[in-house]
Amino acid sequence: MSSTTRSALVIGGGIGGPVAAMALHRAGIEATVYEAYASTADGVGGGLGLAPNGLAALDVIGVGDLVREIGTPTTDIVLQSWNGKRLGEFGSPPGVESARFVWRADLYRTLYDEAARRGVRTVHGKRLVAARETAGGVTAHFADGTTAEADVLIGADGIRSTVRALIDPDAPRPHYGGLFSFGAPVKDTGLPSTGGKMYMTFGKRAFLGYQVQDDSSGVWFVNLPHPGPMTVAEAARTSAEDWLRVLAAAFTGDRVPAADLLLRTDPGDLLIAGPMENMPRVPAWSRGRMVLIGDAAHAASSSSGQGASLAVESAVQLARCLRDLPHEEAFTAYQDLRRPRVERIIKEAERTNSNKAAGPVGRVLRDLLLPLVMKLNKPEKSAWQTGYRIDWDASVSATPHPDGTRA
Ligand SMILES: Cc1cc2nc3c(=O)[nH]c(=O)nc-3n(C[C@H](O)[C@H](O)[C@H](O)COP(=O)(O)OP(=O)(O)OC[C@H]3O[C@@H](n4cnc5c(N)ncnc54)[C@H](O)[C@@H]3O)c2cc1C
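The protein chain goes by FAD-dependent oxidoreductase in an unreviewed UniProt entry, where it is assigned to Streptomyces fildesensis.

Draft legend 1. Here's a closer look at empty space enclosed by the protein. Scanning all chains against the criterion turns up two cavities of 30 Å³ or more. The wall of the largest cavity is formed by Glu277, Asn278, Met279, Ala299, Ala300, Ser301, Ile346, Ala349 and Glu350. When contributions to the lining of the largest cavity are tallied by element, the ones reaching two or more residues are β17 (271–278) and α11 (327–356). Ranked by the residues each element gives to the lining of the largest cavity, the list is headed by α11, at three residues. Its residues assigned to classes, the lining of the largest cavity shows five nonpolar, two polar and two charged.

Draft legend 2. Summary view of the nonpolar core. Grouped together as the largest cluster of nonpolar side chains are 79 residues, with contacts concentrated most on Leu24, Leu111, Leu153, Ile154 and Leu322. Tallying contributions element by element places helix α10 (residues 307–324) first for this core, with nine residues. What Leu111 contacts, discounting residues up to four positions off in sequence, is Ile15, Pro18, Val19, Met22, Leu58, Val63 and Val67. The next biggest cluster of nonpolar side chains, apart from the first, holds 29 residues, and it includes Ala206, Tyr210, Trp243 and Leu261.

Draft legend 3. Representation of the packing of helix α1 (residues 16–26) against helix α4 (residues 104–117). Two elements in contact, α1 and α4, have axes separated by 9 Å at closest approach and are oriented at 30°. In terms of axis orientation, α1 runs roughly parallel to α4. Of the two elements, α1 crosses α4, and the hand of that crossing is left-handed. Between α1, through Pro18, Val19 and Met22, and α4, the contact on the second element is made entirely by Leu111, Glu114 and Ala115. By residue class, the composition of the contact of α1 with α4 is five nonpolar, no polar and one charged.

Draft legend 4. Just the UniProt feature "domain: FAD-binding" (unreviewed entry) in the protein chain, in detail. Taken from the UniProt record, the annotation "domain: FAD-binding" (unreviewed entry) applies to residues 8–168 and 284–348. This span, residues 8–168, is 29% helix and 34% strand, and a straight line between its end C-alpha atoms measures 20 Å.

Draft legend 5. Local environment of the environment of Ala394. Considering the arrangement of structural elements, one finds Ala394 in the segment after α13 (383–386). C-alpha of Ala394 to C-alpha of Arg320: the two residues are 74 residues apart in sequence and 8.9 Å apart in space.

Draft legend 6. Representation of the site of the ligand. Surrounding the ligand, one finds 28 residues, the nearest of these being Gly16, Glu35, Gly46, Arg104 and Asp295. Here Gly46 contributes a backbone N or O atom positioned 2.5 Å from an oxygen atom of the ligand. A distance of 3.2 Å separates a nitrogen atom of the ligand from a polar side-chain atom of Thr162. Taken by itself the ligand offers 920 Å² of open surface, and the protein chains cover 82% of this. Taken together, the residues of the shell around the ligand sort by class into 12 nonpolar, 10 polar and six charged.

Draft legend 7. Looking closely at the sheet that holds strand β15 (residues 207–212). One open sheet holds the seven strands; their spatial order is β6-β5-β14-β15-β16-β13-β17, and the pairing between them is mixed. Of all strands in the sheet, those with a lone pairing partner are β6 (86–91) and β17, marking the two edges. Each neighbouring strand pair of the sheet contributes to a mean axis angle of 20°, computed without reference to strand direction. Across seven bridges, the pairing between strand β13 (residues 175–186) and β17 is antiparallel.

Draft legend 8. Here's a closer look at the sheet that holds strand β9 (residues 128–133). Here three strands make up an open sheet; going across it, the order is β9-β10-β11 and the pairing antiparallel. Pairing within the sheet leaves two strands with one partner each, and these edge strands are β9 and β11 (147–150). On average, adjacent strands in this sheet sit at an angle of 20° to one another, irrespective of strand direction. Bridge count between strand β10 (residues 138–142) and β11: four bridges; the pairing is antiparallel. When the sheet's bridge partners are listed, Ala140 is paired in β11 with Ala148.

Draft legend 9. Representation of α4 in the model. Relative to the 20 Å expected for 14 residues at 1.5 Å per residue, α4 spans 20 Å between its end C-alpha atoms, a close match to the ideal helical length. Looking only at α4, the buried set comprises Ala105, Leu107, Tyr108, Thr110, Leu111, Tyr112, Glu114 and Ala115. Of the surrounding secondary structure, the elements contacted by the buried residues of α4 are α1, β3 (47–50), α2 (52–60), α3 (64–70), β7 (99–103) and β8 (121–123). Looking one or two residues beyond α4, the residue adopting positive phi is Gly119, at roughly 90°.

Draft legend 10. Representation of the environment of Gly14 in the model. With respect to the helices and strands, the residue Gly14 is situated in the loop between β1 (7–11) and α1. Among the residues examined, Gly14 registers a relative accessible area of 15% and is labelled buried. For Gly14 and Thr147, which are 133 residues apart along the polypeptide, the C-alpha to C-alpha distance reads 20 Å. Beyond its immediate stretch of four places on either side in the chain, Gly14 contacts Glu35, Arg104 and Tyr108.

Parameters at a glance
- Residues numbered from 1 in each chain as written.
- Predicted model: local features only at pLDDT ≥ 70, side-chain atom pairs only at ≥ 80, totals over all residues.
- Heavy atoms only, no water.
- 1 Å grid on protein atoms, 1.4 Å probe; cavity = no way out; pocket = protein on both sides within 12 Å on 5 of 7 lines; lining within 4 Å.
- Points joined across faces, edges and corners; volume = space filled by probe spheres on them.
- Helix = DSSP H or I, 4+ residues; strand = E, 2+ residues; numbered from the N terminus.
- Nonpolar A, V, L, I, M, F, W, Y, C, P; charged D, E, K, R; others polar.
- Core = buried A, V, L, I, M, F, W, Y, C linked by side-chain atoms within 4.5 Å.
- Buried < 20%, exposed > 50% of the residue type's maximum accessible area, 1.4 Å probe, protein only.
- Contact = heavy atoms within 4.5 Å.
- Axes fitted to C-alpha atoms, helices over the stretch in contact; angles between N-to-C directions.
- Parallel < 35°, antiparallel > 145°, perpendicular 65-115°, else oblique.
- Left-handed = near helix turned anticlockwise from the far one by under 90°.
- UniProt positions renumbered as here; feature names shortened; annotations may be inferred.
- Near = heavy atom within 4 Å.
- Polar contact = N/O pair within 3.5 Å; in protein donor to acceptor, adjacent residues only side chain to side chain.
- Areas by Shrake-Rupley, 256 points an atom, 1.4 Å probe, with all protein chains shown as cover.
- Pairing = 2+ DSSP bridges.
- Expected span 1.5 Å × (residues − 1).

Quick look at the structure:
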């Protein structure tokens with residue numbers, strides 16, 4: 001092993017941050033997480049999908065089963081049009097486990113607790129504002145005037161990353177994608193079980209996803225087109241009761257059980273997940289001793305079902321690269337390993353988003369073409385995405401092999 005990295009500052013204690021810290025510990029590198037918020041993020045956020053590849057990346061650091069326990073398995077996703085027409089169905093390829101639907105708050109808490117149990121320190125109330133390289137390391141400067149030093153600094157600070165702007169002041173920023181997301185668990189939907197399947201409907205005015213368990217409890221999420229950007233705080237000024245009525249009204253005339261799901265939701269359970277944002281390609285993922293992971297580097301829209309999974313994959317791959325190579329070479333190898341994969345997934349998600357926000361003509365075309373596309377799209381074809389596995393034990397090569405691989 002030629003690694004010279006002994007310590008890391010992980011900026012951001014969301015999903016990628018604690019995973020990076022645990023993976024770095026496994027690689028023999030000491031890591032501390034610095035989170036901007038003064039307190040933990042319990043109860044914040046909506047639901048997200050964890051794909052089999054994300055679960056497998058968590059297995060590498062021994063937390064996959066903890067996450068499986070808190071998730072609802074989703075064997076298949078059934079796509080429907082507003083009139084109930086089935087547009088397609090897809091699940092994991094043969095031999096690959098099901099995806100899991102998890103509440104972001106539960107995922108966050110599970111990773112946070114496990115990282116703490118393993119001795120990872122998370123320091124709250126530390127908003128990074130600047131970073132300076134020194135002869136032998138990097139110093140992080142926080143808004144409260146304090147500093148911290150280590151060999152490398154990892155930006156796991158999400159879609160509005162400060163580290164991204166420190167690496168490249170001209171880096172692009174996210175832009176509003178025209179949809180705002182809500183979700184909730186429902187104790188008793190009064191609906192029959194969907195048999196492990198999640199139904200997703202392109203309504204005439206909004207997009208609905210829902211799954212009902214055998215005991216009639218369920219989960220749902222809605223992507224509501226909204227003309228201008230709106231923050232979670234702005235959305236929270238409208239009462240949960242009013243939002244539930246607005247969301248139910250958005251599906252009037254659509255052949256979906258939206259009224260059952262939305263009007264049986266306890267308003268106290270409504271989760272305002274936030275605006276769906278698109279992030280243009282980030283040209284530079286690293287500079288000097290700083291590097292990006294997760295949404296800071298490659299935010300995939302939630303339509304991909306891969307945002308959190310790609311974040312944990314990148315966290316684990318980066319730790320592997322830093323284990324085997326000096327930081328400059330590690331960062332290059334990491335980008336070689338990650339970029340082609342994440343950019344392909346992001347491109348596919350962009351197509352799904354344009355389907356969700358389709359106008360009347362787009363809707364007709366989508367409903368005509370999607371069944372054909374889905375018919376051709378056999379589960380095996382998505383194996384590159386969901387069947388992806390990280391070989392932790394393989395050492396990372398400093399130079400690409402002739403086929404472009406690194407391990
Ligand atoms: C509050 C919240 C709610 C979310 N809800 C959903 C959801 O409902 N559905 C969904 O699909 N995705 C949601 N996401 C996004 C999802 O978590 C990410 O897409 C994915 O998990 C990738 O994780 P990440 O670690 O890269 O970024 P994130 O999970 O966004 O974590 C980034 C962390 O960095 C912290 N941070 C930001 N700037 C600084 C700074 N300057 N200094 C220190 N810390 C900083 C943030 O407070 C946050 O804790 C949410 C993210 C957040 C922060």
